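A structural walkthrough
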Amino acid sequence: MGGFGSGGGGWNDKQQQNEDDSLYGGFSSTSVGTGGVATGYAPQSSIQRPPPSSNGVQWGGGWGAPGTQAGSMLKTMDARPMTSNRASGYQSRNPASQSGFDPLNQGHMHGQALPLQKRADNSPEEQCLEMEKKVNTLIEESAMAALQKDFPLALEKAIEAGKKERWLCKEREKLGLGDQINIDLTYSVHFNLAVQYHNSQCYTEAINTYTLIVRNKQYAQSGRLRVNMGNIYYEQKKYTYAIKMYKTALDQVPPTGKDLRFKITRNIANAYVKMGQYQDALNHYEAIMKECPDMQTGFNLLLCYYVLRDKDKMKRQFLKLLQIRTASVADEEEEEEGEDTEKEVLVDDGLLSELRERRKQNAQFILTAGRLIAPVVESDWEKGFEFVVSSLKQSRVTELKQSNSRLASEMEMCWALQYLKHQKYNRAIECLKAFEKKDKELKARAACNLSYLYFLEGDIENGEVYANMSVDADKYNAKALVNKGNYLYVKHDYDKAKEFYLEALSVEADCVEAIYNLGLATKALHQYEESLRVFKRLQTMIESVEVIYQLANLYDAIGRHDMAVEWFKKAPTDPAILARLGTIYAKEDDESQAFHYHLEAYRYLPVNMEVINWLGAYFVKNEVYEKAMKYFERASQIQPHEVKWQLLVASCYRRIGAFPQAKKMYEDIHRKHPDNAECPRYLVHLCKEMGLNDEAVSYHKVLAKLEKRQGAQHIYSPGAPGTQGGYVDGQDGQPQ
């Protein structure tokens, strides 16, 4: 073995063994006391020289011999024990008071470490690669923003990616790196930009971007993007251009891509439907149904038959719909699992969720098709519903979790509602009562409809029975709770009605009926402030004259006429509201505004007796009897058996000095209504004014007989005739 140090001799194996033996010679492995390490070597002293070896040679004869480089290094530093309880190279002494461990003789180099060498600027190739990464990042950010429906941000990112990609291509061409241009990146940038233009409804820019892609011969499959261009034209209602694009894309799809070809064909058929070319649409739909039938296409085909009123084809197509089934190996497995599958709520099975969603959608297609064709597929709508229901019961559709009888029951419910539409209430009640033997959900729905039907008919007793039944069957049915509250409201039990309305709102917070009825219940309880809050909440949800009227009526009830006027003015063309505005202004002694709104109310509804009476009294008060006469005559035409209006017309004749006309009219009234005592009384007074004393005496006798017959207790006095109630001319109810 060669020498290690230049000043010492070589080591042989024996010498090496002796050195190893003497290395720990100062230790006694059997003498360990409580104070630490025993005799021979104290590890606490870091300057103690090493113990002698067993052969008398001091340890380190070669490695640390004087005269060698290693030996010189050892002289410059304190002696260090070969074993220690401290880490090698570290001491507890102050480094400034002694030199540290420096085996490479670098102690003369003091000061801070040299600074790290700065990285040189990237090469042009590396800069291009960095820019390419940034472009990819922008594309991903744009796609994520579009997924989150943040289309402005997605478009902004897409435009920025396009700018950076163009700079990248120009830079590589400038550097002579044209062979490194990434055409896939260019395609991704333009495609994403076109999609984001489409999402932002920038149709022209999207079409231009797609055109750049499809015209580039480097993209072999870019022709399929004409489908997207067709979709844009479809949204713009440019169906001719859309069909052209769809057909061009269809020509570029190979025969092996059957699914894609069928989808494009369906788009073409949909465009033909929008254009009203149903026969062309039929041809395309039928071609799809022959090769690869699906529920959406079958439903669209049935709609075309419905528009063309082809009853036979509608029947056949409906039966074909019942046979369409989505291929899935999970059908049989799910049928075997039964109810246990529904209880596996902790299992997140996306495929099963998708399957259930498709089944639900297909069932909705079937129900919609049944409701659509049932009234027209036969000569009688009842036979049409019978055909649809019987077809559902006989056919076995497995697209829904429940058996096909559930679909038939749904159609029977629609059948009952159709009876209501044709006002055949007894048949509707019979159909709905048949659901009492059905499952719980259908029973609850039927009971809810029955309770509402009885409520409309005013049969409170039977209706309340079904209202209770619907609530007991489903306590979370907002409509059932509202029906129950309505029956309590009719019985004037407003507190309990309010509780049911609140419970309905806890189930369905946007139930308009519950909110409106809650406002009525609180109003009936004189809780006007709460009622105002309820109707204001409803006003933010829907625009309704009824809600406006209730708000204004509540403000009028609490005496805030200014707010009542403000709300009433939001529906100025409603005659009842115009009449209320006139009444409010009359309370405020603003006769000009009161007259204006009463006149407007009469213009929109000239049969409102309250408005007619007010206008007539207004003109009498202002002594414009000719105009007052017009309104009283109108009232007498509306209520020909009411003597009061005819007496008022005659009174107006007397006020304007037309005594003969007034006398004639009074006589006609007396002849038609001989039991009326008011007319002879006015005739007595009028005859005296005209100087016809004989006739005055005659009518006085008639009046006395009538008063005696009616059990009158007072004696007639010509100077102060009395009245028998009702409105008569004059402010005090006496003729003048």
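Treat the numbers as computed from the prediction; the structure is a model and nothing was measured.

1. Section: the overall build of the protein chain
Regarding its fold elements, the protein chain presents 34 helices and 0 strands. Once local pairs closer than 6 in sequence are excluded, the contacts in the protein chain between residues at least 24 apart make up 51%. Accessible area of the protein chain: about 43,500 Å², with a carbon and sulfur share of 51%.

2. A short note on the environment of K315
As for its position among the elements, K315 is in helix α12 (residues 311-323). Linking K315 and L302, residues 13 residues apart in sequence, is a C-alpha distance of 8.9 Å.

3. Observations regarding the pattern of salt bridges
Taken as a whole and assessed by the stated rule, the structure comprises 17 salt bridges. Between R358 and E354 there is a salt bridge, with the nearest N and O atoms lying 3.1 Å from each other. With R358 and E354 both in helix α15 (residues 350-373) and 4 residues apart, the pair spans about one turn of that helix. For R358, a relative accessible area of 42% translates into the label partly exposed. Residues E412 and K393 are paired through a salt bridge, measuring 3.1 Å at the closest nitrogen-oxygen approach. Taken as a pair, E412 in helix α17 (residues 404-421) and K393 in helix α16 (residues 381-394) lie far apart in primary sequence, 19 residues in all. Owing to a relative accessible area of 17%, E412 belongs among the buried residues under this scheme. The network of salt bridges with shared partners includes E382, K424, R427 and E430.

4. With respect to the packing of aromatic side chains
Inspection of every chain in the model, using the stated rule, returns 24 aromatic pairs. Residues F619 and Y631 carry aromatic rings whose centres are separated by 5.7 Å and whose planes lie at 10° to one another, so their mutual orientation is stacked. With F619 in helix α29 (residues 609-621) and Y631 in helix α30 (residues 625-638), this residue pair connects regions lying 12 residues apart in the sequence. Looking at F619, the relative accessible area reads 7%, which means it is buried. Its relative accessible area of 4% is what places Y631 among the buried residues. Centre to centre, the rings of F632 and W645 are 6.4 Å apart; their planes meet at 25°, and the pair counts as stacked.

5. Points about the confidence of the model for the protein chain
On average, residues of the protein chain carry a pLDDT of 77, and 75% of them reach 70 or more. Between the elements of the protein chain, mean pLDDT differs from a low of 42, seen in helix α2 (residues 69-75), to a high of 94, seen in helix α7 (residues 226-235). Every residue in residues 1-77 is under pLDDT 50, and counting partners more than four places away or in other chains gives 65 contacts. Between residues 332-336, whose pLDDT stays under 50, and residues either more than four places distant or in other chains, the model counts 8 contacts.

6. Considerations on helix α10 (residues 278-291)
Helix length check: α10, at 14 residues, gives a terminal C-alpha distance of 20 Å against a target of 20 Å (1.5 Å per residue), a fit within 8%. Restricting attention to buried positions, one finds in α10 the residues A281, L282, Y285, I288 and M289. The arc that holds the buried residues of α10, viewed along the axis, is 130°, so those residues lie on one side. Residues of α10 that are exposed and angled more than 90 degrees away from the buried face: K290 and E291. Of the surrounding elements, those touching the buried residues of α10 are α9 (258-274), α11 (295-308) and α12.

7. Examining the packing of helix α8 (residues 239-251) against α9
Relative to each other, α8 and α9 sit at 165°, their axes nearing to 9 Å. The orientation of α8 relative to α9 falls into the category roughly antiparallel. Considering how the two elements wind past one another, α8 and α9 form a crossing that is left-handed. On the side of α8, the interface is formed by Y239, I243, Y246, K247, A249 and L250, while α9 contributes R261, I264, T265, N267, I268, A271, Y272 and K274. Among the residues forming the contact of α8 with α9, the class breakdown is 9 nonpolar, 2 polar and 3 charged.

8. A look at the environment of E412
In sequence terms E412 and L432 are 20 residues apart; their C-alpha atoms lie 8.6 Å from each other. Among the polar contacts made by the side chain of E412, one reaches the side chain of K393 at a distance of 3.1 Å.

9. Thoughts on a negative patch on the surface
A surface patch of negative charge is lined by D562, E566, E588 and D589. With a relative accessible area of 55%, D562 lands in the exposed category.

10. Comments concerning the state of the cysteines
Using the criterion set out here, one finds 0 disulfides in the structure. Free cysteine: C128, not disulfide-bonded; nearest cysteine sulfur from C169 at 9.7 Å. Residue C128 is classed as buried on the basis of its relative accessible area of 1%.

11. Section: the packing of helix α22 (residues 494-507) against helix α23 (residues 512-524)
Running from amino to carboxyl end, α22 crosses α23 at an angle of 155°, the nearest separation of the two axes being 9 Å. Classed by the angle they form, the pair α22 and α23 counts as roughly antiparallel. At the point where α22 passes α23, the crossing takes the left-handed sense. Facing Y494, K498, Y501, L502, A504 and L505 of α22, the residues of α23 in contact are A514, I515, N517, L518, A521, T522 and A524. Residues of the contact of α22 with α23, tallied by class, amount to 10 nonpolar, 2 polar and 1 charged.

12. Quick notes on unusual backbone geometry
Look at K237: it is not a glycine, yet its phi comes out positive at around 65°. For K237, the location among the structural elements is in the loop between α7 and α8. K237 sits in the exposed class, given a relative accessible area of 62%. Positive phi values are uncommon outside glycine, yet H492 reaches one of about 65°. By secondary structure assignment, the location of H492 is in the loop between α21 (478-490) and α22. H492 gets classed as exposed once you look at its relative accessible area, which sits at 58%.

What counts and what doesn't
In every chain, residue numbers begin from 1 and rise along the written sequence. Residues qualify for local features only when their pLDDT is at least 70, as the model is predicted, and side-chain atom pairs are given and counted only at 80 or more; totals for whole chains, interfaces and linings, by contrast, use all residues. The basis for every side-chain value is the complete set of non-hydrogen atoms in the structure, without hydrogens or water. Each helix is a run of H or I in the DSSP string that is no shorter than four residues. Each strand is a run of E no shorter than two, and both are numbered from the N terminus. The contact criterion used throughout is that any non-hydrogen atoms of two residues lie within 4.5 Å. Every accessible area reported is derived by Shrake-Rupley at a probe size of 1.4 Å, with residue values counting cover from the shown protein chains alone. Only one rule defines a salt bridge in this text: a Lys or Arg side-chain nitrogen within 4 Å of an Asp or Glu carboxyl oxygen. Working definition: with a 1.4 Å probe on protein chains only, accessible area under 20% of the residue-type maximum means buried, over 50% means exposed, and in between means partly exposed. Two rings from Phe, Tyr or Trp (for Trp, the six-membered ring) form a pair when their centres sit within 6.5 Å of each other. Planes less than 30 degrees apart are called stacked, planes more than 60 degrees apart edge-to-face, and all others tilted. The predictor rates its confidence in each residue with pLDDT, a number between 0 and 100. Any helix carries an expected span of 1.5 Å times its number of residues minus one. The directions considered for the arc are those from the helix axis to the C-beta atoms. Working convention: axes come from line fits to C-alpha atoms, limited for helices to the stretch in contact. Angles between N-to-C directions cover 0 to 180 degrees. These descriptions rest on fixed angle ranges, namely under 35 degrees for roughly parallel, over 145 for roughly antiparallel, 65 to 115 for roughly perpendicular, and the rest for oblique. By convention, the crossing between two helices is left-handed when the near helix turns anticlockwise from the far helix through less than a right angle, and right-handed when the turn is clockwise. When residues are grouped by polarity, Ala, Val, Leu, Ile, Met, Phe, Trp, Tyr, Cys and Pro land in nonpolar, Asp, Glu, Lys and Arg in charged, and all others, Gly among them, in polar. Any pair of N or O atoms that falls within 3.5 Å is considered a polar contact. Within protein, one atom must be able to donate a hydrogen and the other to accept it, and sequence-neighbouring residues count only if both atoms are side-chain atoms. Here a patch means residues that are over 30% exposed by relative accessible area and free of salt bridges, tied together within 9 Å if like-charged and within 5 Å if nonpolar (Val, Leu, Ile, Met, Phe, Trp, Tyr). Positive charges are assigned to Lys and Arg, negative charges to Asp and Glu, while His and the chain termini are left out of the count. Charge placement uses NZ in Lys and CZ in Arg. For Asp and Glu, CG and CD serve respectively. Cysteine sulfur atoms are paired as a disulfide whenever they fall within 2.5 Å.

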